[in-house]
Structure formats: structure tokens, C-alpha cells
Amino acid sequence: MSKVKVENLTKIFGRNPKGVLKKVKDGISKDKLLAETGHTVGVNNVSFEVYEGETFAIMGLSGSGKSTLIRCLNLLNKPTTGKIIVDGKNIVDYSNKELKQFRKNKVAMVFQHFGLFTHRTVIGNIEYGLEIKGISKKERNKIATEILSSVGLEGWEDKYPNELSGGMQQRVGLARALANDPDILLMDEPFSALDPLIRREMQLELIEIQSKLKKTIIFITHDINEAFKLGDRVAVMKDGIIEQIATPEEILTSPASDYIREFVKDIDKTRVLQAKHIMFKPSALVTPRDGPKVAVKEMQKNGISSLFVVNHERILQGLVTIDDTINAIKENQSLTDILIHDYHTTGPETYIKDLIPNAGSTKYPIAVINENNKLLGIIVRVSVLSSLV
Ligand SMILES: Nc1ncnc2c1ncn2[C@@H]1O[C@H](COP(=O)(O)OP(=O)(O)O)[C@@H](O)[C@H]1O
Ligand SMILES: [Mg+2]
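Residues numbered from 1 in each chain as written. Chains lettered and ligands numbered in written order. Predicted model: local features only at pLDDT ≥ 70, side-chain atom pairs only at ≥ 80, totals over all residues.

> How do you make sense of the overall build of the protein when you look at a structure like this?
Across its full length, the protein carries 16 helices and 15 strands. The C-alpha radius of gyration computed for the protein amounts to 27 Å, which surpasses the reference 21 Å derived for 389 residues by more than 25%, pointing to a less compact arrangement than a globule. Judged by the C-alpha coordinates and their principal axes, the protein covers about 85 × 55 × 40 Å. Counting the 389 residues in the protein, one finds 37% classified as buried. Considering only intrachain contacts with a sequence separation of at least 6, the fraction spanning at least 24 residues in the protein is 64%. (Helix = DSSP H or I, 4+ residues; strand = E, 2+ residues; numbered from the N terminus. Rg over C-alpha atoms; globule rule 2.2 N^0.38 Å. Buried ≥ 20, exposed ≤ 12 C-beta atoms within 10 Å, placed from the backbone. Contact = placed C-beta atoms within 7 Å.)

> How should the domain arrangement of the protein be read in this particular structure?
Annotation of the protein at the domain level lists domain 1 (2–106 + 182–267) and domain 2 (276–386). Distance between the C-alpha centres of domain 1 and domain 2: 44 Å. (Domains from an automatic or database assignment.)

> What am I meant to see in the nonpolar core here?
Among soluble globular proteins, nonpolar side chains are generally buried collectively. Ile126, Ala175, Leu186, Ile218 and Ile379 are the most contacted members of the largest nonpolar core, which has 88 residues in total. The greatest single-element share of this core, amounting to six residues, is contributed by helix α7 (residues 166–179). Residue assignment places this core across two domains, with domain 1 (2–106 + 182–267) and domain 2 (276–386) each supplying three or more. Sequence-distant contacts of Ile218, defined by excluding residues within four places in its chain, comprise Val50, Phe56, Ile58, Ile70, Leu73, Leu186 and Met187. (Core = buried A, V, L, I, M, F, W, Y, C linked by C-beta atoms within 7 Å.)

> Help me understand helix α5 (residues 122–132) in this model?
Along an α-helix, residues three or four positions apart point the same way, because every turn accommodates 3.6 residues. Looking only at α5, the buried set comprises Val122, Ile123, Asn125, Ile126, Glu127, Gly129 and Leu130. Positive backbone phi, at 80°, marks Gly134, one or two positions downstream of α5.

> When you look at the site of ligand 1 in this model, what are you seeing that I'm missing?
By nearness alone, every residue bordering ligand 1 is listed as Phe13, Thr40, Gly42, Gly60, Ser62, Gly63, Ser64, Gly65, Lys66, Ser67 and Thr68. At the level of secondary structure, the elements contributing two or more residues to the shell around ligand 1 comprise β2 (40–51) and α3 (66–72). Tallying contributions element by element places α3 first for the shell around ligand 1, with three residues. Along the lines of polarity and charge, the residues of the shell around ligand 1 split into one nonpolar, nine polar and one charged. (Near = placed C-beta within 6 Å. Nonpolar A, V, L, I, M, F, W, Y, C, P; charged D, E, K, R; others polar.)

This is the structure in C-alpha cells:
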């Protein structure tokens, strides 16, 4: 379901943005517009939709318009033109009063440089939004204390921001945003100022928090690895426009432009692609009732030396090899008699990175199964290897 829908959003900075809108629509370059009119295009005719509960990452180099865009989403920037529809209402039309309500209840922002109140303690920062809402001291302390522990800040209640490391400060920033229980979390490069190690820790923390809270998150980053790690879908921005919106694996496998191709060149695909992306439907399957003769025929027809055996619900029973099956015909054995089980299985969400050790050491395909042991697909060694290039 759509939570946020942005339609043809443009934000131009300068004295008379609407006055230069036509030039921008006609395709004048950013540099030329600046030179001729002194106006800067921040965001240029951008449209996208974010679904409820989704983490939507917006990735782009510095100056590509990411902050301008995300600041439009809570109207810290007033769009020059375009619609921003949240829960079916165009927030660009909001009165001051409606906007206040919107910011109080529906949306919260986490900033790159934390933006904490230096004169307030950790708990005081987290309580801030609740105070604005007029929630009683006792109640807000209770809520803030809960949130505080969910972001790993127990024991730090009474410290001031300047007594905290960057990572800890951003935990406070996140806790403050979450305290209001907003539907939508806007995060503008929240981890960019942190050391790599702390940054990874925070990314994992956010994934964990999100798996519980299921907010709608719009997450800005200039780091494609971070975008791919966190984003269910990723929008790639360049010069104020969105070049591509797709899932990380779609961007990896079919980049929309040379620019994006260049970007993803250095990505470690094995950390993005999952079993379900490289598995395929087995060319042949048999059920135990089919018997060895049918199994041999299937293997010969398909040029394979082993075959997965499933029941009528496609539940995996085991695997038979060509040698055993030919022997079974002579010995009058059934397929059930010669099933083997020393192949690898995996879930559909397993990253290729974690399949590589198995793929290298097995002579049989890897079976991709769901939690009921149903066979979803198979992965052969060569698909794992070819996903690496
Ligand atoms: N308040 C402003 N006044 C004028 N130009 C601005 C303003 N804010 C941003 N810009 C310009 O808009 C463009 C996009 O900037 P920004 O959204 O900050 O990019 P990003 O967050 O991707 O680094 C840049 O060219 C920037 O100089
Ligand atoms: Mg920015």
C-alpha cells in the first residue's frame, strides 16, 4: 500500500523559482540556469512511491539533491511545484495547523549531524517530542525509558550529548525520532559521520529495529553499499533527477544507465543477490512412484547425473544418482531405497556469499527449500560462479 507518493516534484532555489520553472521544464542545464538566472535546481521533476513498511533508500553523490528532496517530504523545503501525497492527502496544501500536526504525529527526521539539544540530557532529548505533545512527565519518562533501552542506551539517561561518542549520539537521535511513534522516518545520511565499524553496527541496529517496528523509512545515503544493504528499493539520484528506482538486485543485474553501471561496478554482488535470484526451476523432477526407469529416462533426456525426488506437494524427499538408479533397475529396487541426502539445502533468502563454500564442495545442485521443505528451485555451481562476475 502506498504511504508516500511524490508526483513531479521540483524544488528550485533562488529569488523567483516559479519564474524560471519553464526554463527548467524545457531542459536547461543546471549550470546554465545558475549562470543565467542565479537559480539552482535542487530537485527536478521527481516522482516515486514509497510503500507502507518499506525502507526506501535514496542514493546519490553529494549535491545530487538528496537532502533537498527529503526536506520537501516534511516541508522544511517548500516545493516549487509538484505533489507529495501522504496517506492520500497532498501535504503541500496543508495549512500551518495541519502541518504542525503532521510533523508532531506522522513524521520524524534523523539528521547526519545528530541535531541534538546540547542543553538537554539524553532522556531529555528523547522526551522532547512527547513534551511538545503535552504528555505528562511521568508518562513521557516511561515511554522514553523504553525507547532508550531499545536503542542500547541504558545507563546513559542523564548524560549530555557532548559526553557521548558519535555513535551514541546518533542512537539518541534515532530514539528521539522513534519516541513520537511516527509512521514515517526520514533519515538524511544518519550514519555518514560515523566510523565504519560503528556505522555497520548502526546499520544492523536499524535493520533490527525496523523488523520489529515496520515503519515507513526513507533513508538517504551517498554510499551504494549502505543503500543496497538497507533499502528494499533504491532510488539513484543524479543532478536532481532520479535515474532509476528498483530493488538492489534489479539495479545490479539491469542498471538503467551507464552512470549507474559505473556505480555498481565495484559492488560485491554476493552480498546483494540471494539464492532466490539465481536459482532455477529444475529441468526434471520425479516422485517416488515414478520408479527408477522414469528417473533414468529423465536424467538422460536432460543430460544430468542426479535428480531430486519430491512428493506430490513438491516436498523434497531426497536425491538419486544415475549410477544408483541404473543399479536399482537391475536390483528391482524402488527410488525410495536409493535416496541419498548428502546434498546441501538452503532458504531462498540466503546470500550468495554464504552459499559459496557449499557450492564449491558439492557434486550435487543445492536445493532451495522453504520452511516446509518444499523445493522452490535448485542452484548449480556454475550459477553461483557466474553471479560473481
Ligand atoms: N538553501 C539552498 N539554497 C541554494 N541552493 C541550495 C540550497 N540547498 C541546496 N542547494 C543546492 O541544491 C543542490 C542539491 O543539494 P543537496 O540537496 O544538499 O544535495 P545532497 O544532499 O545530495 O548532497 C546543490 O546544487 C546545492 O548547492
Ligand atoms: Mg545532503
